[in-house]
Amino acid sequence: MKSSTILQQIHDRYIQAFQAAPLLIKAPGRINLIGEHTDYNQGFVLPAAIDQSIYFAMGKSSDGQLRLRALDFEDELHYDLSTQAFQYTHSWGRYIQAIIEILLEKGHELGGLRGLFGGDIPIGAGLSSSAALCSGFLFGLSELFDLQLTRPNIALIAQAAEHRIGLNCGLMDQYAVLFGRREQALCLDCQNLTFDYFPLQLKEYTLVLLNSKIEHQLAVDSAYNDRREACETVVRHMQKDHPAVESLRDISSTLLEQYADQLPPLPMQRARYVLEENQRVQRMLVALQEGDVTQIGQLLWQSHEGLSKEYEVSTPEVDLLVALARAEPAILGARMMGGGFGGCTLNLVRTEGKTVALDRIMQAYAAQTGIHAEAYEVAISDGVKKVELTLTL
């Protein structure tokens, strides 16, 4: 379904339910070109907002109740401002509850609200639907109740909400969703949260996501947090001799190898991957500036190898999608994307020959797994913003 159609439906449902014009908010999903699991290690990441999005229709209410309905689940969160009691059934409600609690703890005043949301970001596919949900909802609340939240404020609150429900994520997803810019990738330095934009011009190539249909739920899967703990184990050990070390960002490959016989093998393996991935981000920036699509593809292959073999966050199904992509001449590079344990692969595909290559991959994938993958061609989009039905999305 086209984005404009989704927005129209959400707008119309709001009008039908409340006989009033809503504030409309678009919150995009994101891809990450390269730089996976480097964000919480204070490294570099290279994400971009995409055209798959969550759309909110929101307005004030005078009844002292906050109601937000998820059209994709036909489920509603209800919050009573006087009793501070929450009611909801689906897991998305935990994010909204955490946001409301954090805002109240910070002294922000909220009023009654009625809202609807829905979209076309595949849930559990590694496109940061949770960051879009949190960032878009916060942006809408700030607009409605004049909370005067800056985009960096929103990013930190959205991250705190994810932490509160059990996922110790970095800030890459929130920054990509909030600061995305059309046809540009955002290189974020996670140590100091500065960023630069790099034109994402791939000439006759297209970025395509292949959804393995293996849904991951990072907030309920301790494997993500286990990887973070392994990296922090290395940092704590290094700090005994090097007090200035605060993260893996402060450690060179040469220094790391000097501790190979002192650290457990698994944390060493995880740390090696992170340092290598940071180097790949820097090489990707050069490739983007030079328009070297062959090098871009090679870096994607290398990143997947590290994620699968060193960081061990892939799955057999995702590895199969990448292996099938390697056999296609029209595909220059592919890798798993997101936190791991399922979700999508990111593929750099020659536009001419794209349909044939993707069809072969999906047929072979279905034959070997019994699962029918889905393909999404992505366009690089702006970050969270107010929209109108007459505007180009």
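As a starting point, this report considers the structure included with it. (Residues numbered from 1 in each chain as written. Predicted model: local features only at pLDDT ≥ 70, side-chain atom pairs only at ≥ 80, totals over all residues. Heavy atoms only, no water.)

Time to look at the overall build of the chain. Within the chain, the regular secondary structure consists of eleven helices and 14 strands. Radius of gyration (C-alpha) of the chain: 21 Å, near the 21 Å computed for a compact globule of 393 residues. With the C-alpha coordinates aligned to their principal axes, the bounding extent of the chain is approximately 65 × 55 × 40 Å. Counting every position in the chain, which comprises 393 residues, the buried fraction comes to 59%. Of all intrachain contacts in the chain linking residues separated by at least 6 positions in sequence, the fraction that spans at least 24 positions is 70%. About 16100 Å² of surface is accessible on the chain, with carbon and sulfur atoms providing 47% of the total. Positive and negative side-chain charges in the chain, numbering 33 and 48 respectively, have mean positions lying 2 Å apart. (Helix = DSSP H or I, 4+ residues; strand = E, 2+ residues; numbered from the N terminus. Rg over C-alpha atoms; globule rule 2.2 N^0.38 Å. Buried < 20%, exposed > 50% of the residue type's maximum accessible area, 1.4 Å probe, protein only. Contact = heavy atoms within 4.5 Å. Areas by Shrake-Rupley, 256 points an atom, 1.4 Å probe, with all protein chains shown as cover. Lys, Arg positive; Asp, Glu negative; His and termini not counted. Charge placed at Lys NZ, Arg CZ, Asp CG, Glu CD.)

Before going further, it helps to examine helix H4 (residues 151-164). Between its first and last C-alpha, H4 extends 20 Å over 14 residues, near the 20 Å set by a 1.5 Å rise per residue. When H4 is considered as a whole, its buried residues turn out to be Ile154, Ala155, Ile157, Ala158, Gln159, Ala161 and Glu162. Contact partners of the buried residues in H4: helix H2 (92-105), helix H3 (129-145) and helix H5 (172-179). Of the residues flanking the end of H4, it is glycine 166, one or two places downstream, whose phi is positive at about 115 degrees. (Expected span 1.5 Å × (residues − 1).)

Looking now at the packing of H2 against H3. The geometry of H2 relative to H3 is characterised by a closest axis approach of 10 Å and an angle of 40 degrees between their N-to-C directions. As judged from the angle between their axes, H2 and H3 are oblique. For H2 against H3, the interelement crossing comes out right-handed. Judged by residue contacts, Trp92, Tyr95, Ile96, Ile99, Ile100 and Leu103 of H2 engage Ser130, Leu133, Cys134, Phe137, Leu138 and Leu141 from H3. Residues that form the contact of H2 with H3 fall into these classes: eleven nonpolar, one polar and no charged. (Axes fitted to C-alpha atoms, helices over the stretch in contact; angles between N-to-C directions. Parallel < 35°, antiparallel > 145°, perpendicular 65-115°, else oblique. Left-handed = near helix turned anticlockwise from the far one by under 90°. Nonpolar A, V, L, I, M, F, W, Y, C, P; charged D, E, K, R; others polar.)

The strand order across the open sheet formed by four strands is E11-E12-E10-E13, and the pairing between neighbours is antiparallel. Two strands lie at the open edges of the sheet, namely strand E11 (331-336) and strand E13 (374-377), each paired on one side alone. Ignoring strand direction, the axes of neighbouring strands in this sheet form an average angle of 25 degrees. In this structure, E11 lies alongside strand E12 (residues 344-350), joined through five bridges in antiparallel fashion. Note on E12: the bridge partner recorded for isoleucine 331 is valine 349. This element, helix H9 (residues 293-310), spans strand E10 (205-211), E11 and E12 of the sheet and lies at about 30 degrees to E11. With respect to the sheet, helix H11 (residues 354-369) is in contact with E10, E11, E12 and E13, its orientation differing from that of E10 by roughly 20 degrees. (Pairing = 2+ DSSP bridges.)

Before going further, it helps to spend a moment on the layout of surface pockets. Size it by volume and the second largest pocket reaches roughly 220 Å³. Lining the second largest pocket, in full, are Glu183, Pro199, Leu200, Gln201, Leu202, Tyr205, Thr206, Leu207, Glu377, Val378 and Ile380. Looking at the lining of the second largest pocket, the element that brings in the most residues is E10, giving three residues. Taken together, the residues of the lining of the second largest pocket break down into seven nonpolar, two polar and two charged. (1 Å grid on protein atoms, 1.4 Å probe; cavity = no way out; pocket = protein on both sides within 12 Å on 5 of 7 lines; lining within 4 Å. Points joined across faces, edges and corners; volume = space filled by probe spheres on them.)

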